[in-house]
Amino acid sequence: MFIAIARPAVEPQGPDAVAVPGSPAIVELSPRALHARLLENAALRRMRGQERRREQRLEDADYWLHAAPMAVRKASALREERSFAPLP
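Residues numbered from 1 in each chain as written. Predicted model: local features only at pLDDT ≥ 70, side-chain atom pairs only at ≥ 80, totals over all residues. Heavy atoms only, no water.

Trainee: I would appreciate a short explanation of the overall build of the protein in the present structure.
Mentor: When helices and strands are tallied, the protein shows two helices and zero strands. Relative to its full complement of 88 residues, the protein shows a buried share of 16%. Across the protein, the fraction of contacts at a sequence separation of at least 24, relative to all contacts at a separation of at least 6, is 46%. Per element, the accessible surface of the protein, about 7,700 Å² overall, is 58% carbon and sulfur. (Helix = DSSP H or I, 4+ residues; strand = E, 2+ residues; numbered from the N terminus. Buried < 20%, exposed > 50% of the residue type's maximum accessible area, 1.4 Å probe, protein only. Contact = heavy atoms within 4.5 Å. Areas by Shrake-Rupley, 256 points an atom, 1.4 Å probe, with all protein chains shown as cover.)

Trainee: It is not clear to me how unusual backbone geometry should be interpreted in this structure. Could you clarify?
Mentor: The phi angle of most residues is negative, glycine excepted, and most peptide bonds adopt the trans form. Phi angles above zero are rare outside glycine, and Gln-56 is one such case at about 60°. On the basis of relative accessible area, Gln-56 is assigned to the exposed category, the value being 62%.

Trainee: Would you explain the environment of Ala-67 in this entry?
Mentor: With respect to the element layout, Ala-67 can be found in helix α2 (residues 58-81). Judged by relative accessible area, which is 9%, Ala-67 ranks as buried. Distance from Ala-67 to Gly-49, taken between C-alpha atoms, is 9.0 Å for residues 18 residues apart in sequence.

Trainee: Is there a simple way to think about the pattern of salt bridges in this case?
Mentor: Here the idea is simple: oppositely charged side chains can pair when their charged atoms come close. As enumerated under the stated definition, the model contains three salt bridges in all. Glu-55 is the partner of Arg-57 in a salt bridge, and the nearest nitrogen-oxygen pair spans 3.6 Å. Given a relative accessible area of 38%, Arg-57 falls into the partly exposed group. In this structure, Arg-57 engages Asp-60 in a salt bridge whose closest nitrogen and oxygen atoms are separated by 2.5 Å. (Salt bridge = Lys/Arg side-chain N within 4 Å of Asp/Glu carboxyl O.)

Trainee: What exactly am I supposed to notice about helix α1 (residues 31-54) here?
Mentor: Taking 1.5 Å as the rise per residue, α1 with 24 residues should run 34 Å; its terminal C-alpha atoms sit 35 Å apart, in good agreement. His-35, Leu-38, Ala-42, Gly-49 and Arg-52 are the residues of α1 that are buried. On the buried face of α1, the contacting elements are α2. Gln-56 occupies a position one or two residues after α1 and carries a positive phi of about 60°. (Expected span 1.5 Å × (residues − 1).)

Trainee: Honestly, α2 in this entry has me stumped. Any pointers?
Mentor: Since the α-helix packs 3.6 residues into each turn, any two residues three or four apart lie on the same face. For α2, which comprises 24 residues, the first-to-last C-alpha distance of 35 Å matches the rise-based estimate of 34 Å (1.5 Å per residue) to within 8%. Of all the residues in α2, the buried ones are Ala-61, Leu-65, Ala-67, Ala-68, Ala-71, Ala-75, Leu-78 and Arg-79. The secondary structure elements touched by the buried residues of α2 are α1.

Trainee: For this particular structure, what's the right way to read the packing of aromatic side chains?
Mentor: The geometry of an aromatic ring pair is captured by the separation of the ring centres together with the interplanar angle, meaning the angle of the planes. For the structure shown, the criterion picks out one aromatic pair. Plain terms: the ring middles of Tyr-63 and Trp-64 are 4.9 Å apart, the flat faces sit at 75° to each other, and that makes the pair edge-to-face. Classification of Tyr-63 as exposed rests on a relative accessible area of 53%. (Phe/Tyr/Trp six-rings, centres within 6.5 Å; stacked < 30°, edge-to-face > 60°.)

Dropping the structure here:
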């Protein structure tokens, strides 16, 4: 009787050894990259609000247009927390 030592079909890569196989690795973003992502998120929310307003979906438009400044505030707080120069 032969015993074959089989390797698992999916081997974890990167720092997270218990990640779900096949899921993308979670990369720790630099403060600048995270700040840029938050500002992009704010811009996308604002554009979504403008789009909803054009479609006469006023409740949705109000939600997205009020959500955009929250993302900007979060980006500003991150900038101050991570010792960036304060925004003007």
